[in-house]
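Chain and residue survey
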Amino acid sequence: MAELEVRDLRFRYGAKQALDGVSFVRPEGSFCALLGPNGAGKSTLVSLLTRLLVAPEGEIAIAGHDLARAPRRALADLGVVFQQPTLDLNLTVRQNMRYFAALHGLPRRGLDARIDAALDRLDMAERAQERVSALNGGHRRRMELARALLHKPRVLLLDEPTVGLDAAARAAIVGHVHDLADEGLCVLWTTHLTDEVRNDDHLLVLHEGRLLADGVTRDICGQTPLLDWFLDRTGAAA
Amino acid sequence: MTGYWGVARAIMGREFLRFVHQRERFLAALVRPLIWLLVFAAGFRAALGLSIIPPYQTYITYETYIVPGLCAMVLLFNGMQSSLSLVYDREMGSMRLLLTSPFPRWWLLFCRLLGATLISVLQVYAFLGIAALFDITMPLWGYVAVLPGLVLGGLMLGALGLVLSSFITQLENFAGVMNFVIFPMFFLSSALYPLWKMAESSELLHDICAFNPFTHVVELIRFLLYLQINWSALAWVLGSTAVLAALAIRAYDPSRALMKRKG
């Protein structure tokens, strides 16, 4: 079943066409990398998928709910990790999680157990009482991931989630998210780094507001390394 | 509907925790009106003679006259402060977290506004408490009666802050708000001098002051402190709140262009 459906999405900032007829469909239990150079339209797509912006043309459906007609239901099934950190540094990990839970209307009964379970999954349980300002970049990201899963979304959107992380933290978070996809989540992972994309991942390549490719990575580039294929097609530094 | 109250509690709780963590902000919010009250007013009491005007029934000292204006000043500065923190939130990304909540945007913004207002009101009471220590007191029940006026005035000025925050692209631009919003609003009002005094020097200035919604916040507070209702001030403040709130909701509407470059 299609968990994330984008149909003929168009968006412009004044005279600049940021997205020009983007369409794709992603099923449950899949990891999809959305690759594109800077300025390709990734951030615009993320803003549209999270309803920070509303597109005048095209449709977005999350877990079967049309984002324009039923935004509450659609957003309730969407987990997001933004590129910018969205944590309150002065609050503890648990306070941050509670704030998010309330924003999503989760019941208070059993909430702490739910938070513990979400943190435990990402090996963050012992950090629950720490202030976020005391955590390193990798732990903050893991916390944001745990938070994005707290309301049990069916679609997980991550916008360049490894920016600013060291190699070990990057590898860990890429691994975690692949595991989540294996367990049934529909994952859309935007990046401009080709080394985060595995050969058997589904790949969308966005360039100048249009999709250049939509398929399994190895089918798209064949024997050519993804980086070379990507540079060749987009003419941009990855 | 379930969850609405939980969202309100969480957003207001976060505002409160943030406030507690910024003790300097609390001190600044108290020191500012106290300087006006204890220094400025002391210096000017001789220069500015006041006649008996409603709601006062006897001659009053200048310090007593400017207390309502200074209460409104606390609300004004806090409204702008919360606008500043909205711009900060947008730059830091936590605005995205708020706006991607499945609850309606107007409710999220309203809760944010109410949270900031309640913090302002706490500061006003702290100010009134200190003023009372200096023997500048109001009728006892006036302190209770003024509460709805403070909340309404706080909402109006907070809504103004929301509207402004949608136009301010960077934190650095905030100095402009000081110059072009806070100072004109405060000085072109009845906070420091009654409107009839203003009319003596310039009819035009008087008319501007009478048009300034901040004047009506001050007058609403002034009358409530003396257990009276200034109906025209109340109508002005209600109307201004409705207009500003509508503008704020429009400014934060995802389908409008305002957030495109900044959100």
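For the structure itself, look to the data block above.
Structural notes, computed from the coordinates. (Residues numbered from 1 in each chain as written. Chains lettered and ligands numbered in written order. Predicted model: local features only at pLDDT ≥ 70, side-chain atom pairs only at ≥ 80, totals over all residues.)

A look at the interface of chain A and chain B
The condition that has to hold: Any residue pair is listed as a contact if its two C-beta atoms, each placed from the backbone, are within 7 Å. Helix and strand definitions here come from DSSP, where helices need a minimum of 4 consecutive H or I residues and strands a minimum of 2 consecutive E residues; each element is numbered from the N-terminal end. Any residue outside Ala, Val, Leu, Ile, Met, Phe, Trp, Tyr, Cys, Pro, Asp, Glu, Lys and Arg is labelled polar, Gly included; the first ten of those are nonpolar and the last four are charged.
Contacts between the two partners involve 25 residues from chain A and, on the opposite side, 25 residues from chain B. Mapped by element, the contributors of at least two residues to the side of chain A that touches chain B are α2 (71-76) and α3 (93-103) of chain A. Counting residues per element, the side of chain A that touches chain B draws most heavily on α3 of chain A, at 4 residues. Residues that form the side of chain A that touches chain B fall into these classes: 14 nonpolar, 7 polar and 4 charged.

Structural notes on the sheet that holds strand β10 (residues 210-216) of chain A
Residues and elements named next belong to chain A. To be explicit about the condition: For two strands to pair, DSSP has to find at least two bridges joining them. Helix axes use the C-alpha atoms of the stretch in contact, all axes being lines fitted to C-alpha atoms, and the angles between their N-to-C directions lie in the range 0 to 180 degrees.
One open sheet accounts for 6 strands, arranged β6-β7-β8-β3-β9-β10; its pairing is mixed. Edge positions in the open sheet fall to β6 (78-81) and β10, since each of these has one partner strand only. Looking at each pair of strands side by side, their axes are set apart by 15 degrees on average, direction ignored. Here strand β9 (residues 202-207) pairs with β10 via 6 bridges, running antiparallel. Pairing of Leu 206 across the sheet is with Leu 211, part of β10.

A look at the environment of Ser 165 of chain B
All names here are of chain B. Mapped onto the secondary structure, Ser 165 falls in helix α6 (residues 142-167). Once the C-alpha coordinates of Ser 165 and Ala 245 are considered, the two residues, 80 residues apart in sequence, prove to be 13 Å apart. With residues near it in sequence (within four places) discarded, Ser 165 still touches Ser 83, Leu 86 and Val 87.

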